[in-house]
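A closer look at the structure
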Amino acid sequence: MSGMMDKVNMLDKQDEFLRHDWTVEEIAALYDMPFNDLLFEAQTVHRNNFDANAVQVSTLLSIKTGKCPEDCGYCPQSVRYDTELENEPLMPLDEVIASAKQAKQNGSSRFCMGAAWRSPKDKDLEPVIKMVKEVKALGLETCLTLGMLTEPQANKLKQAGLDYYNHNLDTSPEYYGEVITTRTYQDRLDTLQHVRDAGMNTCCGGILGMGESRRDRIGLFKELANQEHHPESVPINLLVRVSGTPLENGDDLDSLEFIRSVAVARIMMPKSYVRLSAGREKMSDEMQAMCFFAGANSIFYGEKLLTTPNPDTNDDMQLFERLGITAV
Ligand code: SAM
Ligand code: DTB
Ligand code: SF4
């Protein structure tokens, strides 16, 4: 019993060092650091908390594709934009399992299933719960992203054994309205609260390169870190520009600014997995290597994200080998 209490106290102690009171000025000061100083600091924080040469790999599968009623300006799956996407209803269980087995064989430790829903109906959850149970039985960690959840829905998913729920804040509260009008920032924070209250891990991050300013990137990281708990996984997506979406055109984000952002996330959320997410297809090997040095320690692995391409798995394995990185 005392051993157990020691463990609890130790966890509390660890949490004492995690900050939830970041100010805009402090985050801006990190961004303003000379690049080498910022990366050195981020790598030091990274090494104090993780194996510096291990990267967690997850595989994504779109289990219900397209016809989403929401208007997220970046998204190929919104019914409002003509993106030449093949819509697909909910995937049968056996196809999901076959895909999960393949992901496990390829070395993924987590399987993330995404559906283009604003929020699932209760009857939608039943087949999804079967998927979670069967994927878990394969020895994989499970993650879902289905849109907004009510408190009872989050509890049901927890009971089914779901490990992670992905729900992003996407950008700063100030820029949010430029990108999405059909759900509020508060709606997103509420879903995240329901997921945490149910006892699940949150996977929560955003998208960079949507025309936002550095102040907006600061605002996003401030919101992410100042939640009740840091998300266990923080996906940092670089916008994938899809023809037909409102964000199809625009200036690309400076790659050094993206790397700085990874470093800032690592420093602010030292114990979270920072996930180098969408957009890797457009990144050079050198840029990805810099992101790993800045503290990114997870990726999506597999030739497709949800609907858009991801790097070839052989290329990813070769890159890991060249960098001496082990997939975990
Ligand atoms: N419909 C659910 C929702 O929005 O919560 C789940 C799926 S949605 C596709 C998951 C996340 O993918 C979004 O929150 C967004 O951050 C990211 N995403 C979607 N399209 C993207 C794109 N073109 N480029 C980068 N990230 C994207
Ligand atoms: C996240 O933050 N990135 C992933 C995952 N969560 C679900 C999705 C990226 C989607 C990119 C666009 C697409 O492939 O449709
Ligand atoms: Fe729908 Fe999710 Fe795409 Fe928004 S990001 S349009 S909610 S699938």
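For the structure itself, look to the data block above.
Since the structure is predicted, the reported quantities are computational estimates derived from the model, not experimental observations.

**Brief notes about the site of ligand 1**
- Ligand 1 sits among 16 residues. The nearest are Tyr-74, Thr-145, Asn-168, Asp-170 and Val-240.
- One of the backbone N or O atoms of Trp-117 is found 3.3 Å from a nitrogen atom in ligand 1.
- Take Asp-170: an N or O atom from its side chain is 2.7 Å from an oxygen atom of ligand 1.
- For ligand 1, the accessible surface in isolation is 560 Å², of which the surrounding protein chains cover 91%.

**Points about helix α4 (residues 93-105)**
- Given a rise of 1.5 Å per residue, 13 residues ought to cover 18 Å, and the 18 Å separating the end C-alpha atoms of α4 matches this to within 8%.
- Turning to α4, its buried residues are Val-96, Ile-97, Ala-100 and Ala-103. Across the axial projection of α4, the buried residues extend over an arc of 120°, all falling on one side. For α4, the exposed residues set more than 90 degrees away from the buried face come down to Asp-94 and Gln-105.
- Along its buried surface, α4 packs onto β1 (54-64), β2 (110-115) and α5 (122-137).
- Where α4 ends, the next residue or the one after it, Gly-107, has phi of about 100°, a positive value.

**Describing the packing of helix α2 (residues 24-31) against helix α10 (residues 255-268)**
- With their axes 9 Å apart at the nearest point, α2 and α10 run at an angle of 130° to one another. The orientation of α2 relative to α10 falls into the category oblique. Read as a crossing pair, α2 and α10 show a hand that is right-handed. Judged by residue contacts, Ile-27, Leu-30 and Tyr-31 of α2 engage Glu-257, Arg-260, Ser-261, Val-264, Ile-267 and Met-268 from α10.
- Looking at the contact of α2 with α10 residue by residue, the classes come out as six nonpolar, one polar and two charged.

**Quick notes on the site of ligand 3**
- All residues in the neighbourhood of ligand 3 are listed as Cys-68, Glu-70, Cys-72, Tyr-74, Cys-75, Ser-78, Ala-116 and Arg-183.
- Along the lines of polarity and charge, the residues of the shell around ligand 3 split into five nonpolar, one polar and two charged.

**Section: the pattern of salt bridges**
- Applying the stated rule across the entire model yields 14 salt bridges.
- A salt bridge links Arg-280 to Asp-316; the nearest nitrogen and oxygen atoms lie 2.9 Å apart. Of the two residues, Arg-280 is situated in the loop between β8 (273-276) and α11 (285-293) and Asp-316 in helix α12 (residues 313-323); the sequence distance between them amounts to 36 residues.
- Given a relative accessible area of 1%, Arg-280 falls into the buried group.
- Among the residues examined, Asp-316 registers a relative accessible area of 2% and is labelled buried.

Basis of the calculations
- Residues numbered from 1 in each chain as written.
- Chains lettered and ligands numbered in written order.
- Predicted model: local features only at pLDDT ≥ 70, side-chain atom pairs only at ≥ 80, totals over all residues.
- Heavy atoms only, no water.
- Near = heavy atom within 4 Å.
- Polar contact = N/O pair within 3.5 Å; in protein donor to acceptor, adjacent residues only side chain to side chain.
- Areas by Shrake-Rupley, 256 points an atom, 1.4 Å probe, with all protein chains shown as cover.
- Helix = DSSP H or I, 4+ residues; strand = E, 2+ residues; numbered from the N terminus.
- Expected span 1.5 Å × (residues − 1).
- Buried < 20%, exposed > 50% of the residue type's maximum accessible area, 1.4 Å probe, protein only.
- Arc of directions from axis to C-beta.
- Contact = heavy atoms within 4.5 Å.
- Axes fitted to C-alpha atoms, helices over the stretch in contact; angles between N-to-C directions.
- Parallel < 35°, antiparallel > 145°, perpendicular 65-115°, else oblique.
- Left-handed = near helix turned anticlockwise from the far one by under 90°.
- Nonpolar A, V, L, I, M, F, W, Y, C, P; charged D, E, K, R; others polar.
- Salt bridge = Lys/Arg side-chain N within 4 Å of Asp/Glu carboxyl O.

None of the figures reported here should be taken as evidence of function without further support.
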